[in-house]
Amino acid sequence: MAAAPRADGSENVIATARHIVRSLATTSEAADDMMRILSAFDRRLSTVPDLFSPSPCAAGEDDAPSSAVDDGAPFSAVDGEPPSSSSVDDEQSEADASLKAAERVIFHWDPSNPDSLLWDSPDTAAEYLSAVDEVLALTATSRGDLLACAEVTLQIAITRLGDEFRHLMIQNTDVLDAENLHDSIQRLFLSFRSSMSDAAVEDVEGSPLSEQCVVARATTIVLSETQIPNLIRPEAISDLRQIADRMITAGSRNDLCRVYTSVRCNILADCLTVLGADTVSSKEVRRMEWKTLDKKMKNWMQALKLVVGVISAERQLCEQILAGSVDLKEECFDEVAKFCVMHLLKFGEAIAEGQRSPERLFGILGMYEVLADVLPDIGALFLGDSKDFICEEVERVLSGMGDAVRGTLAEFGNAIQGETSKKALPGGEIHPLNRYVMNYIKLLVEYSTLLNQLLEDGSIDGRDSSEGGESMTPVAHRVLLLMSYLEVNLEEKSKLYEDAGMQYVFLMNNVLYIVQKVKESELMVLLGDNWVRKRQGQIRQYSMHYLRASWTKVLSFLKDEGLVGSSHGLSKTVLKEKFKSFNFAFEEIYKTQSAWKVPDPQLRAELRISISEMILPAYRAFLARFGGYLEGAWHSTKYIKYTVEDLEKCLADFFEGLPVPPSHFRRKLSLP
């Protein structure tokens, strides 16, 4: 009774190994080399002492088994008769010879030495594929020991083909360097622009914290067949397809999928790195300097805009190379495409989870716009569960970005209220906080449509604004809230000035700046004429307060109280004192307020006119009425120092921001 074969199939494996060695090894050294190769596939072979001993798979005619056909195997009936013994032997010998011929080609290439590649020579590659086809055919028609031998040979061949497949894919991917890749991107963008009739790429300058901040607005990118980039050189597609077909036929679809996806994912990761969209963790984002992060956010938006085209090209590549299996094609595409999308989403998620710094808001809004814009196109590239998964992940990141926008706006409001610098700005000029906030809000309105979606909560829509008398959108409400914080802060900062007149000059400068920023932007539409008129009225009030604070005392010296009505007639002593007091007060104001700064020329001119209308007529009348009493008196010019024209000349220097020493003051008036 024959011994039952071992459960682990060792006898078939050893028999196959003996067949291979007997067929191809001509020396003991060659046998050792082949043993090393075969042992790499099955450790059981390393324990076999002598592979040259006879085996059923390699037996000759003298030691051949009594029957080449397994007991109970079906007959190939011809006219009801079983095939003759000689016919079966002939077929067996022919199959054995075919396997030996194929093995000579396959085992000629050491799978442990991938430096010498089959596809370096087209003829060699064709010969190898022909040998693999022969082995594939034998595995479909053979039985018993011959089948076992063919299967081991096929495993070796498929392993080699997998290595060749990997090398072909890597070698035939265009070299990735930043210059060439960005040139390709530029060409793609030019083709996008030429094919879009109503889309535009808008660059918005003037981020409040970075003069070079550019917020890229989203544009839909739809690639035609001619615009889809070649990810693999076209001449290599046929070779890759031939290898893939053999591996699929051999049942090695998992190995093929693993090789294909690992290569493509690595290449796409390199591509994204070249674009500056490499993976960054939330921790790294929190520690990153703003300029570096700002650049990465822009790179991310650019990469995401291209991802639809890249994924479209990936689907096309799968169609070309993996057409032999519909399931495998979808599986490989899903894995590569998911990797590409998830790679980008990780950065979006890190940004959403990062600090709520005001300078990041416009980058987050830009990222949100681009991601929301490409979502339908990305979803359309996937099917079934994969589509649901990707869309849910994108929506999750968008939701996180929306939370980040709302949180950042809240932090921005807190920052405005919390800006409590105690140093008064020289000259009463426009405060840096005012410039920062108004530029920020001006840019904020560019995103009104998106912000109305993100800020809408139902609690403010439809209310009448006390400022504009119109229904308020969420953005209008938020803008008014931020500007109210700013106005309150500016009021507090005006109190840092000890000079009351300067307080009102500071307020005039800053409120006028706000009005100008509103009138020159979309804020005018948002806030309306009533809001602007109210601030213009405030400026007029501040102007009157300034005149009273700065010039009331000066004007008091030009009144006749104490000069007339006494029994002794006009008091020259009092008159001299009034002229001296006026001169001193005017000179002090001149030295002080010529150093103050009113940047707006119209406001500056209006203030000078107001001063002239208040002071010059009064001085002219006082001089005409009382100047004659001092004519001919000793040192009369000591008291009547200025003509009306002199004063008018001085007023032309007010609010120019020029520090004027006393000597300059006298030279300007041509006085000794």
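Rules behind the numbers
Residues numbered from 1 in each chain as written. Predicted model: local features only at pLDDT ≥ 70, side-chain atom pairs only at ≥ 80, totals over all residues. Heavy atoms only, no water. Disulfide = S-S within 2.5 Å. Buried < 20%, exposed > 50% of the residue type's maximum accessible area, 1.4 Å probe, protein only. Helix = DSSP H or I, 4+ residues; strand = E, 2+ residues; numbered from the N terminus. Polar contact = N/O pair within 3.5 Å; in protein donor to acceptor, adjacent residues only side chain to side chain. Contact = heavy atoms within 4.5 Å. pLDDT = per-residue confidence, 0-100. Salt bridge = Lys/Arg side-chain N within 4 Å of Asp/Glu carboxyl O. Axes fitted to C-alpha atoms, helices over the stretch in contact; angles between N-to-C directions. Parallel < 35°, antiparallel > 145°, perpendicular 65-115°, else oblique. Nonpolar A, V, L, I, M, F, W, Y, C, P; charged D, E, K, R; others polar. Expected span 1.5 Å × (residues − 1). Phe/Tyr/Trp six-rings, centres within 6.5 Å; stacked < 30°, edge-to-face > 60°. Lys NZ or Arg CZ within 6 Å of the ring centre and 35° of its normal.

1. A short note on the state of the cysteines
Each disulfide consists of a covalent bond between the sulfur atoms of two cysteine residues. Tallied over the entire structure, the rule returns 0 disulfides. As a non-bridged cysteine, Cys-318 has Cys-332 as the owner of its nearest cysteine sulfur, 5.9 Å distant. Looking at the unpaired Cys-332, the closest cysteine sulfur is the one in Cys-257, lying at 3.4 Å. By relative accessible area, which is 0% here, Cys-332 ends up buried.

2. With respect to the side chain of Thr-173
Here Thr-173 lies in the loop between α5 (144-171) and α6 (178-195). Engagement of the side chain of Thr-173 in a polar contact is seen with the backbone oxygen of Met-169, the distance being 2.7 Å. Discounting residues that sit within four places of it in the chain, Thr-173 has contacts with Leu-231, Ile-232, Arg-233, Arg-264 and Ile-267.

3. Details of the confidence of the model for the protein
Summarising the model, the protein shows a mean pLDDT of 79, and 71% of its residues fall at 70 or more. Confidence, read as mean pLDDT per element, is least for strand β1 (residues 203-204) in the protein (34) and greatest for helix α17 (residues 500-519) (96). Across residues 52-80, confidence stays below pLDDT 50; counting only partners more than four residues off in sequence or on other chains, it has 34 contacts. Contacts from residues 189-228, a stretch scored under 50 in pLDDT, to residues over four places away or in other chains number 76 contacts.

4. A word on the pattern of salt bridges
Inspection of every chain in the model, using the stated rule, returns 24 salt bridges. Arg-264 serves as the salt-bridge partner of Glu-314, at 2.5 Å between the closest nitrogen and oxygen. With Glu-314 in helix α10 (residues 290-321) and Arg-264 in helix α8 (residues 253-274), this pair connects stretches of sequence that are 50 residues apart. With a shortest N-O distance of 2.6 Å, Asp-403 and Arg-406 are connected by a salt bridge. Of the two residues, Asp-403 and Arg-406 are both situated in helix α13 (residues 384-418); the distance of 3 residues between them amounts to about one turn of the helix. Overlapping salt bridges bring together Glu-349, Glu-393 and Arg-396 as one network.

5. Structural notes on the environment of Met-544
Position of Met-544 among the secondary structure elements: in helix α18 (residues 523-556). You can call Met-544 partly exposed: its relative accessible area is 44%. The spatial distance from the C-alpha of Met-544 to the C-alpha of Tyr-504 is 9.0 Å, given a sequence separation of 40 residues.

6. Here's the deal with the packing of α10 against helix α11 (residues 326-352)
Packed helices, taken two at a time, are described by the angle between their axes plus the distance between the axes. Axis separation between α10 and α11 bottoms out at 10 Å; the angle between their running directions is 170°. Taken together, α10 and α11 sit at an angle that is classed as roughly antiparallel. On α11, the residues that touch Leu-293, Lys-296, Met-297, Trp-300, Ala-303, Leu-304, Val-307, Ile-311, Glu-314, Arg-315, Cys-318 and Glu-319 of α10 are Lys-329, Glu-330, Cys-332, Phe-333, Val-336, Ala-337, Cys-340, Val-341, Leu-344, Phe-347, Gly-348 and Ile-351. Per-class residue counts for the contact of α10 with α11 are 17 nonpolar, 1 polar and 6 charged.

7. Things to note about helix α19 (residues 572-593)
Here α19 contains 22 residues, and its C-alpha end-to-end distance of 31 Å stays within 8% of the 32 Å for a straight helix at 1.5 Å per residue. Residues Leu-575, Lys-578, Phe-579, Ser-581, Phe-582, Asn-583, Ala-585, Phe-586, Glu-587, Ile-589, Tyr-590 and Gln-593 constitute the buried set of α19.

8. Side note on the packing of aromatic side chains
Applying the stated criterion to the full structure yields 22 aromatic pairs. Look at Phe-412 and Tyr-436: their rings are 5.9 Å apart centre to centre, the planes differ by 70°, and that puts the pair in the edge-to-face class. On the criterion of sequence distance, the pair formed by Phe-412 in helix α13 and Tyr-436 in helix α14 (residues 432-444) is long-range, its members being 24 residues apart. The rings of Tyr-546, Trp-551, Phe-582, Phe-586, Tyr-590, Tyr-619, Tyr-642, Phe-654 and Phe-655 are connected pair by pair, giving a single aromatic cluster. If you follow Arg-315 out to its NZ or CZ, it ends over the ring of Phe-333, 3.9 Å from the centre.

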